[in-house]
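# Results of the structural survey
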Amino acid sequence: MEKKKMLTGFRPTGKLHLGHLHGNIKNMIEHQKEHENYFFLVDWHALSTEYKDPKNIKSNLIDCVIDLIALGIDPEITHLYRQSDIPEIAELCLYLSMITPLPWLERCPTYKEQQKELKAKDLSTLGFLSYPVLMASDILIVNADIIPVGEDQLPHLEITREIARRFNYLYGDYFIEPQELLSQATRVPGTDGRKMSKSYGNAIFLSDDYETVKEKVRSMITDPKRIKLKDPGHPEVCNIFTFYKIYENERIEEIENRCRNAEIGCTKCKAELAEIIYNSLKVFQSKRKELEKDLSVIYKILDKGKQEVKAEADKTIKDVRKKIGID
Ligand code: SF4
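Here goes a summary of the coordinates provided. Since we're looking at a predicted model, the values are computed, not measured.

The subject of this paragraph is the packing of helix H10 (residues 210-218) against helix H13 (residues 266-292). At a minimum axis separation of 9 Å, H10 and H13 run at an interaxial angle of 140°. By the criterion of interaxial angle, the relationship of H10 to H13 is oblique. Relative to H13, the crossing made by H10 is right-handed. Across from Tyr210, Val213, Lys214, Val217 and Arg218 in H10, the residues of H13 making contact are Lys270, Leu273, Ala274, Glu275, Ile277 and Tyr278. Here the residues of the contact of H10 with H13 sort into seven nonpolar, no polar and four charged.

In structure tokens, the structure reads:
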């Protein structure tokens with residue numbers, strides 16, 4: 001049986017953090033043998049928010065590829081490539097822009113949310129508004145079946161399906177409608193309780209050393225009603241407890257009870273969590289150091305991915321031009 005195509009993109013805007021790992025990458029690693037994987041670095045998407053200062057995008061991209069391989073993405077069974085190496089994506093984006101009604105983009109919740117959250121950046125650009133069309137092009141250029149996403153990305157995927165449907169309606173069936181693969185830990189909180197994101201300054205990075213992880217966990221907000229050690233805790237409102245659910249779910253009942261019964265102080269509870277998080281990162285950190293020693297290997301992997309995906313993208317573009325009637 002032919003394997004289903006699974007596709008996911010990563011923004012090379014900085015080091016990877018726990019939000020990336022649990023929101024998406026873990027899912028990818030677990031399912032990578034079952035599917036044909038398209039794993040790519042979205043440098044054009046990064047430009048939509050970093051257009052004023054794009055100098056780090058390229059080095060971040062290489063860092064990101066190293067991170068992914070060190071985490072367990074197998075480049076032998078994955079098409080690992082750079083978005084800007086496939087210009088056919090941009091051509092498809094142009095065609096899809098012609099048929100995408102503006103209100104679909106304006107009502108997208110992440111568009112409004114990000115504009116509010118990233119006030120320091122001027123995001124009233126065409127590129128930022130049309131981000132979902134570029135995302136649809138990333139997906140449809142290879143007609144991907146499955147997209148691993150967090151809950152917050154579901155509206156984007158819905159726009160992709162709507163665009164595919166509209167294209168098929170206007171020019172005849174061609175694109176399939178991709179389905180989501182929801183990650184188990186869909187929303188990883190940052191140290192301030194908002195979604196973990198580098199731009200919010202609340203992330204625990206995969207490359208953080210033990211002292212940094214300890215300090216970041218120590219700064220997290222816990223149950224505000226728990227002032228003294230004897231006060232019973234309310235784990236459902238505590239950020240630390242959300243992390244325990246991700247890391248120690250098999251003993252979550254015990255962790256919940258010791259909090260509710262005030263059997264442990266928040267300082268100790270946090271110190272224990274910091275150690276658990278750091279221990280989980282140790283193998284990754286040593287693999288990463290090894291990979292950094294020879295970057296030519298990383299460039300070869302990206303080149304292999306480019307060759308593989310370009311052939312497929314070229315076919316899609318030729319078919320699309322034919323469907324529209326401008327071949
Ligand atoms: Fe949170 Fe742990 Fe404190 Fe309970 S004991 S409020 S889970 S930090």
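Considering all chains together, one arrives at six aromatic pairs under this definition. Measuring from centroid to centroid gives 5.3 Å for Tyr210 and Tyr278, while their planes differ by 45°, and the two rings are tilted. One end of the pair, Tyr210, is in helix H10; the other, Tyr278, is in helix H13, with 68 residues separating them in the sequence. Tyr210 sits in the partly exposed class, given a relative accessible area of 27%.

Here we come to the pattern of salt bridges. A full pass over the atoms with the stated rule returns 27 salt bridges. Among the ionic pairs, Glu180 bridges to Arg161, the shortest N-O distance being 3.1 Å. Note that Glu180 is positioned in strand E5 (residues 179-182) and Arg161 in helix H9 (residues 154-171), a separation of 19 residues in sequence. Accessibility expressed as a relative area gives 32% for Glu180, which makes it partly exposed. The salt bridge involving Asp192 is made with Arg194; its shortest N-O contact spans 3.1 Å.

A few words now on the pairing of E5. Sheet topology note: the strand E4 (residues 146-149)/E5 ladder contains four bridges and is parallel. Residue pairing for E5: Ile147 is matched across the bridge by Glu180. Read as a crossover between parallel neighbours, the route from E4 over H9 to E5 is right-handed.

Further remarks concern the side chain of Arg258. Mapping Arg258 onto the fold places it in helix H12 (residues 252-260). The exposure class of Arg258 is buried, given its relative accessible area of 9%. One polar contact links Arg258 to Tyr244, side chain to side chain, over a distance of 3.3 Å.

Even without being glycine, Asn143 reaches a positive phi, approximately 50°. Along the chain, the position of Asn143 falls in the loop between helix H8 (131-140) and E4. Here Asn143 falls in the buried class, since its relative accessible area comes to 17%. Of note in the backbone geometry, Ala262 takes a positive phi value of approximately 55° without being a glycine. Position of Ala262 among the secondary structure elements: in the loop between H12 and H13.

Basis of the calculations
- Throughout this document, residue positions are counted from 1 along each chain, in the order its sequence is written.
- The predicted origin of the model limits local features to residues at a pLDDT of at least 70 and limits the giving and counting of side-chain atom pairs to 80 or more, whereas totals for whole chains, interfaces and linings rest on all residues.
- Each side-chain value is worked out from all heavy atoms of the structure, with water and hydrogens disregarded.
- Think of each axis as a best-fit line through the C-alpha atoms, taken over the contacting stretch in the case of a helix, with angles from 0 to 180 degrees between the N-to-C directions.
- Only DSSP runs of H or I reaching four residues or more are called helices, and only runs of E reaching two or more are called strands; each is numbered from the N terminus.
- Just so you know how the angles are binned, under 35 degrees is roughly parallel, over 145 roughly antiparallel, 65 to 115 roughly perpendicular, and the rest oblique.
- It is the rotation of the near helix from the far one that decides the hand of a crossing: anticlockwise by less than a right angle makes it left-handed, clockwise makes it right-handed.
- Throughout, a contact is declared for two residues whenever any of their heavy atoms are within 4.5 Å.
- Charged means Asp, Glu, Lys or Arg here, nonpolar means Ala, Val, Leu, Ile, Met, Phe, Trp, Tyr, Cys or Pro, and polar covers whatever is left, Gly included.
- Pairing of aromatic side chains here covers Phe, Tyr and the six-membered ring of Trp, requires ring centres within 6.5 Å, and sorts the geometry by plane angle: under 30 degrees stacked, over 60 edge-to-face, intermediate tilted.
- The buried label applies to any residue whose accessible area, calculated with a 1.4 Å probe on protein chains only, is under 20% of its type's maximum; exposed applies above 50%, and partly exposed to all values in between.
- The salt bridge criterion pairs a side-chain nitrogen of Lys or Arg with a carboxyl oxygen of Asp or Glu, the two atoms within 4 Å.
- Pairing between two strands is assigned when DSSP locates at least 2 bridges connecting them.
- For a crossover, the right-handed case is the one in which the path from the first strand over the helix to the second runs clockwise, viewed with the strands pointing away from the viewer.
- The definition of a polar contact used here is a pair of N or O atoms within 3.5 Å, where within protein one atom must be able to donate a hydrogen and the other to accept one, and adjacent residues in sequence count solely through side-chain atom pairs.

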